[in-house]
Amino acid sequence: MHICQTAIITHLRMQFPTASIKTLAAYAGQLSKQEAPKLTQLLPACLVMYIDGSPIAQDADLQYDLLVVTQSTAFDRKESQRNNLSLATDIVRYCKDKNIFAPGPGRTGTYEISRERTRARILIQDHRFTVVAISLLILDRTS
């Protein structure tokens, strides 16, 4: 599961350098009330969070959420949502076009993003942040 998470981050970094997404990382509770003030230095961010999966099934799959976090620069929900959805759309488009990716060093095979099972939803939209969760089902074809 950790190897897949690292592979997703590496895969996204190929398309989104720090100029467009400042932080691409595994989610480690940054959205908690204690950590949220630190987010402003890290945004926009795409945080990868493991959700669920069948890691040892015959046809193994793993589900991750990509938390796309942007800062609201003004209390204008439509503008904040538009900015976030633009970035989320770019990420979804990349995942659609490049839905097969390598697992990284030491492993063979591929990971595949199931396009039909990809979903996106808004989790938070307030005066400080907008968060869209893009749910990916990853088919594990590695060994």
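Structure shown above.
Residues numbered from 1 in each chain as written. Predicted model: local features only at pLDDT ≥ 70, side-chain atom pairs only at ≥ 80, totals over all residues. Heavy atoms only, no water.

(A) Looking closely at empty space enclosed by the protein. The full count for this structure, using the stated rule, is 1 cavity of 30 Å³ or more. Roughly 30 Å³ of internal volume is contained in the largest cavity. Looking at the lining of the largest cavity, the element that brings in the most residues is helix H1 (residues 2-15), giving 3 residues. Classifying every residue of the lining of the largest cavity by side-chain character gives 7 nonpolar, 1 polar and no charged. (1 Å grid on protein atoms, 1.4 Å probe; cavity = no way out; pocket = protein on both sides within 12 Å on 5 of 7 lines; lining within 4 Å. Points joined across faces, edges and corners; volume = space filled by probe spheres on them. Helix = DSSP H or I, 4+ residues; strand = E, 2+ residues; numbered from the N terminus. Nonpolar A, V, L, I, M, F, W, Y, C, P; charged D, E, K, R; others polar.)

(B) Quick peek at the pairing of strand E3 (residues 61-71). The element E3 is largely enclosed, with a buried count of 8 among its 11 residues. Hairpin connection of strand E2 (residues 45-54) to E3: 6 residues between the antiparallel strands. Across 11 bridges, the pairing between E3 and strand E7 (residues 129-142) is antiparallel. The residue of E7 that forms the bridge with Gln71 is Phe129. (Buried < 20%, exposed > 50% of the residue type's maximum accessible area, 1.4 Å probe, protein only. Pairing = 2+ DSSP bridges.)

(C) Molecular detail of the environment of Ile138. Looking at where Ile138 falls in the secondary structure, it is placed in strand E7. The spatial distance from the C-alpha of Ile138 to the C-alpha of Arg121 is 18 Å, given a sequence separation of 17 residues.

(D) Looking closely at the packing of aromatic side chains. Within this structure, the stated rule accounts for 3 aromatic pairs. With a centroid separation of 5.4 Å and 70° between ring planes, the pair formed by Tyr50 and Tyr64 is classed as edge-to-face. Of the two residues, Tyr50 is situated in strand E2 and Tyr64 in strand E3; the sequence distance between them amounts to 14 residues. Look at Tyr50 and you get partly exposed, because its relative accessible area is 30%. (Phe/Tyr/Trp six-rings, centres within 6.5 Å; stacked < 30°, edge-to-face > 60°.)

(E) Summary view of the state of the cysteines. Taken as a whole and judged by the stated rule, the model has 0 disulfides. Of all cysteine sulfurs in the structure, the one in Cys95 sits closest to Cys4, which takes part in no disulfide; the separation is 12 Å. The thiol of Cys95 is not disulfide-bonded; the next cysteine sulfur, from Cys46, is found 7.9 Å away. (Disulfide = S-S within 2.5 Å.)

(F) Highlighting unusual backbone geometry. With omega at 0°, the peptide bond leading from Leu43 into Pro44 counts as cis. Relative to the helices and strands, Pro44 resides in the loop between strand E1 (23-26) and E2.

(G) Spotlight on the environment of Pro103. Relative to the helices and strands, Pro103 is located in the loop between strand E4 (100-101) and strand E5 (109-113). Excluding anything up to four places from it in sequence, Pro103 contacts Ile3, Ala7, Thr108, Gly109, Thr110, Tyr111 and Thr142. (Contact = heavy atoms within 4.5 Å.)

(H) How the structure looks around the nonpolar core. Among the nonpolar cores identified, the biggest contains 26 residues, and Ile8, Leu12, Leu66, Ile91, Ile134 and Ile138 are the most heavily contacted of them. Looking at this core, the elements that each hand over two or more residues are H1, E2, E3, helix H2 (77-97), E5 and E7. Beyond its immediate stretch of four places on either side in the chain, Ile91 contacts Leu12, Phe16, Ile21, Cys46, Leu66, Val68 and Ile134. Counting 10 residues, the second largest nonpolar core, distinct from the first, contains Ala36, Leu39, Ala45 and Leu67. (Core = buried A, V, L, I, M, F, W, Y, C linked by side-chain atoms within 4.5 Å.)

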